Amino acid sequence: MKLSHLLKLHKKNSPLLSLPKNLGDGFLLQNNFLYRIIREKAQQLNYHYSSTVNEFYLALPLSQLEAVLNSKSIPYSDNVSVLETVQDVATWDDITDNLKRNNIFHESCHAVARSLSTPLFKNASAVPHSNVVRLLVEESFANACELLGIVDAEDPAHRIFYEANSYIFMYEDRFQLKKLLGLLGYPRTLKFLILSYLFSNFLHERITDNDFERILALIGLGQNQMIDLKVLRSTAKIAFELNPRFRWVTTTFYLKLNGLAYTASQLNEIDFLSLLESNSPHLNLVDQLSQFVSENASY
């Protein structure tokens, strides 16, 4: 696709909350349900977006998440101005591998998750592993939203803009996700994806049959209900498609930064579903995150 065409679409879509120097931002606010409601909620929570150069964030974004959440300032880079200088000679394929992406959607999901989790965990919990489960529920929500947002990417421009604003982009899973939404509706779909990503973020390689049944119970589905479980099982596998080393390094490093030193094997041994099954604040958090999105859903 011609770069000049993409820039015209970018400039044509400029709603109130859009960031003119973030490629595709206004288009996604206009056309992508999850991207829009997460932005609206983050701004209601007094988060703002800054293109002022943040050297720490540019150099090692993962190390800066807590700083972003504490400052309520989400960094991004101007990746539009440079494209305007080459638009007459370049196509998207010419620059896609080298363009600086912005991850404000993912960071905004974290902002929403933290705003809901903080009141639930005001008092330090004596329950073992409580804080690690809380942090990984927040991360799993961001993962689930970023994945589910793909379903709205109906046309090539939408796909390009969404990919330019995503950590991961798995467009080939879009049809599977639409089938899951048709079976479960928005609240259960999002809750199911959060729980699936929890297994990935706790560095499991798969979800066992027993744990799959526990997930079904947590989202309010019994084995006797007439539903195509093959769709659920195959969709759950999407959570494990990230490179194993990437998952291991990202999770353990993030936890270390929060004073939680866990090895991969220690994380793997935590029975986090038991915390959720005990109607803990952790389950309340998952429910609130699922309902927050579903209350705004139009399909």
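Preceding this paragraph is the structure being described.
Thresholds applied
Residues numbered from 1 in each chain as written. Predicted model: local features only at pLDDT ≥ 70, side-chain atom pairs only at ≥ 80, totals over all residues. Heavy atoms only, no water. Axes fitted to C-alpha atoms, helices over the stretch in contact; angles between N-to-C directions. Helix = DSSP H or I, 4+ residues; strand = E, 2+ residues; numbered from the N terminus. Parallel < 35°, antiparallel > 145°, perpendicular 65-115°, else oblique. Left-handed = near helix turned anticlockwise from the far one by under 90°. Contact = heavy atoms within 4.5 Å. Nonpolar A, V, L, I, M, F, W, Y, C, P; charged D, E, K, R; others polar. Disulfide = S-S within 2.5 Å. Buried < 20%, exposed > 50% of the residue type's maximum accessible area, 1.4 Å probe, protein only. Salt bridge = Lys/Arg side-chain N within 4 Å of Asp/Glu carboxyl O. Core = buried A, V, L, I, M, F, W, Y, C linked by side-chain atoms within 4.5 Å.

Draft legend 1. Examining the packing of helix α3 (residues 33–44) against helix α8 (residues 104–120) more closely. For the pair α3 and α8, interaxial distance at closest approach is 9 Å and the crossing angle is 55°. When the interaxial angle is binned, α3 and α8 end up oblique. The chirality of how α3 crosses α8 is left-handed. When α3 is examined against α8, the residues Leu34, Tyr35, Ile38, Arg39, Lys41 and Ala42 are found in contact with a partner set consisting of Ile104, Phe105, Ser108, Cys109 and Val112. A breakdown of the residues in the contact of α3 with α8 according to their chemical character gives eight nonpolar, one polar and two charged.

Draft legend 2. Looking closely at the state of the cysteines. For the structure on display, the rule yields zero disulfides. Free of any disulfide, Cys109 has its nearest cysteine sulfur in Cys145, 4.2 Å distant. For Cys109, a relative accessible area of 0% gives the class buried. Exposure remark for Cys145: the relative accessible area of 0% places this residue in the buried category.

Draft legend 3. Quick look at the pattern of salt bridges. For the coordinates displayed, the defined rule picks out 13 salt bridges. The shortest N-O distance in the salt bridge between Asp211 and Arg214 comes to 3.1 Å. Residue Asp211 and its partner Arg214 are located together in helix α12 (residues 209–218), separated by three residues, close to a single helical turn. The class of Asp211 is buried, set by a relative accessible area of 14%. Residue Arg214 is classed as buried on the basis of its relative accessible area of 17%.

Draft legend 4. Fine view of the environment of Leu183. Relative to the helices and strands, Leu183 is located in helix α11 (residues 174–201). The exposure class assigned to Leu183 is partly exposed, which follows from its relative accessible area of 38%. Sequence-distant contacts of Leu183, that is, excluding residues within four places in its chain, are made with Ile227, Asp228, Val231 and Leu232.

Draft legend 5. Local environment of the nonpolar core. Counting residues in each nonpolar core, the largest one holds 103 residues, and the members touching the most others are Val132, Phe141 and Leu232. In terms of residues, this core owes the most to one element, α11, which gives 13 residues. Once you skip the residues sitting within four places of it in the chain, Val132 turns out to touch Phe202, Leu255, Leu260, Tyr262, Leu267 and Ile270.

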